[in-house]
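# Observations on chain architecture
For reference, the chains in residue letters:
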Amino acid sequence: MQTRTLGRTGPAVSALGLGAMGMSGGYGATDRAESIATVHAALEAGVTLIDTGDFYAMGHNELLLAEALRGRDRDSYQLSVKFGQMRGPGHELGGQDGRPEAVKNFLAYSLTRLGTDHIDIYRPARLDRAVPIEETVGAIKEMVDAGYVRHVGLSEVDAATIRRAHAVHPIADLQIEYSLLSRAVEADVLPTLRELGIGLTAYGVLGRGLISGHWAAGRTAGPGDMRGFSPRFSGGNLEHNLALVDALRRVAEAKGCTVAQLAIAWVAAQGEGIVPLAGARTRERLAEALPAMDVSLTADDLADIEKAVPPGAARGDRYPSAFMSDLGVGN
């Protein structure tokens, strides 16, 4: 497994990370034993960066990872944890909480659930617009100074917020959705990250499965699957977006790889400081994602990919309209 360094001050991590959200029901029913086996397979393949959030099924994901990582050398992997997304007992979302006292409270619970004495990268999941980002990052900085956190990260914020946060404490990386279908980051955010020496961990690199090559017309999301509410998976939007996948499949076949591998390789090719997160829930999907890091894309390949899926070609927002206002950039 290749490694990449997240920005000028961040850690060296595997060039492909593992996003664990889907192991806790975000995309429907899961198998606990298979989830743990997938984490083990990722570690054995050299994946060191594992991303989670304390609100993924209200702590379930952190407890799952604690079980999967038990007995492993703590220095052999890095944990990226998001915090601040409030939830209710019915799983409803309840806004953001980035108050300094809340930061420390969230961290205390995460350390306990994960069974560790430190978090490698700690980040607010979304911007709390009622709390200056300087105060939120300042609280994380205190936890860095105390040894409970190694690096400060951000998630889904705009370029101005990145600059303000970075002035308080060096930011290791921004986590944000970035894929062939979601390229809003390229206008202002990506240039800002490069200027300041900040890395990027990209989630949604397969558009939540839409450009994995495994989603077909007529398929419907099952119970508990967030894609049932996604505009990009709805009606005529889905038909249009799957036509883009068909065009991408032709490029992948010519390249001798799968659609998923091509889509992941494209994200990785956008810069040395970018680390794609594979949201694999099973060993089968992980096994397909891993070879993507060996897919070398030429200038002609990149041009063919751009022709198949031009910027802005996707139809539908990347989140339901109620959640779009929480994002620092659009689609």
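Residues numbered from 1 in each chain as written. Predicted model: local features only at pLDDT ≥ 70, side-chain atom pairs only at ≥ 80, totals over all residues. Heavy atoms only, no water.

### So, the pattern of salt bridges
Enumeration over the complete set of coordinates arrives at 22 salt bridges. The salt bridge involving Arg72 is made with Glu44; its shortest N-O contact spans 4.0 Å. With Arg72 in the loop between helix 2 (60–69) and strand 5 (78–83) and Glu44 in helix 1 (residues 32–44), this pair connects stretches of sequence that are 28 residues apart. Glu142 is the partner of Lys104 in a salt bridge, and the nearest nitrogen-oxygen pair spans 2.7 Å. In this pair, Lys104 is assigned in helix 3 (residues 100–114) and Glu142 in helix 4 (residues 133–145), connecting sequence segments 38 residues apart. Given a relative accessible area of 42%, Glu142 falls into the partly exposed group. (Salt bridge = Lys/Arg side-chain N within 4 Å of Asp/Glu carboxyl O. Helix = DSSP H or I, 4+ residues; strand = E, 2+ residues; numbered from the N terminus. Buried < 20%, exposed > 50% of the residue type's maximum accessible area, 1.4 Å probe, protein only.)

### Some remarks on the side chain of Arg227
The residue Arg227 is located in the loop between strand 11 (199–203) and helix 7 (235–255) in this model. In this structure Arg227 touches Tyr27, Arg208, Gly209, Trp215, Arg219, Ala221, Phe233 and Arg281, once residues within four positions along its chain are discounted. (Contact = heavy atoms within 4.5 Å.)

### Comments concerning the sheet that holds strand 5
The strand order around the closed barrel built from 8 strands is 3-4-5-8-9-10-11-12, with neighbouring strands paired in parallel fashion. Between one strand axis and the next, the sheet turns through 30° on average, direction left out of account. With 3 bridges connecting them, strand 11 and strand 12 (residues 274–278) associate as parallel partners. In the strand pairing of strand 12, Ala202 is matched with Pro276. Docked against the sheet, helix 2 engages strand 4 (49–53) and strand 5, running at close to 150° with respect to strand 4. (Pairing = 2+ DSSP bridges. Axes fitted to C-alpha atoms, helices over the stretch in contact; angles between N-to-C directions.)

### Things to note about the packing of aromatic side chains
Scanning the model with the defined rule gives 5 aromatic pairs in all. Considering the side-chain rings of Phe83 and Tyr122, the 4.5 Å spacing of their centres and the 20° angle between planes classify their relative orientation as stacked. Separated by 39 residues along the polypeptide, Phe83 in strand 5 and Tyr122 in strand 8 (residues 119–124) bring together distant segments of the chain. The two residues Phe83 and Tyr122 agree in class, both being buried. With 5.6 Å between their ring centres and 65° between their planes, Tyr178 and Trp266 make a pair best called edge-to-face. Taken together, the residues Tyr178 in the loop between strand 10 (171–177) and helix 6 (189–196) and Trp266 in helix 8 (residues 259–268) connect sequence positions 88 residues apart. When the ring centre of Tyr319 is taken as origin, the NZ or CZ atom of Arg208, which lies over that ring, is 4.7 Å away. (Phe/Tyr/Trp six-rings, centres within 6.5 Å; stacked < 30°, edge-to-face > 60°. Lys NZ or Arg CZ within 6 Å of the ring centre and 35° of its normal.)

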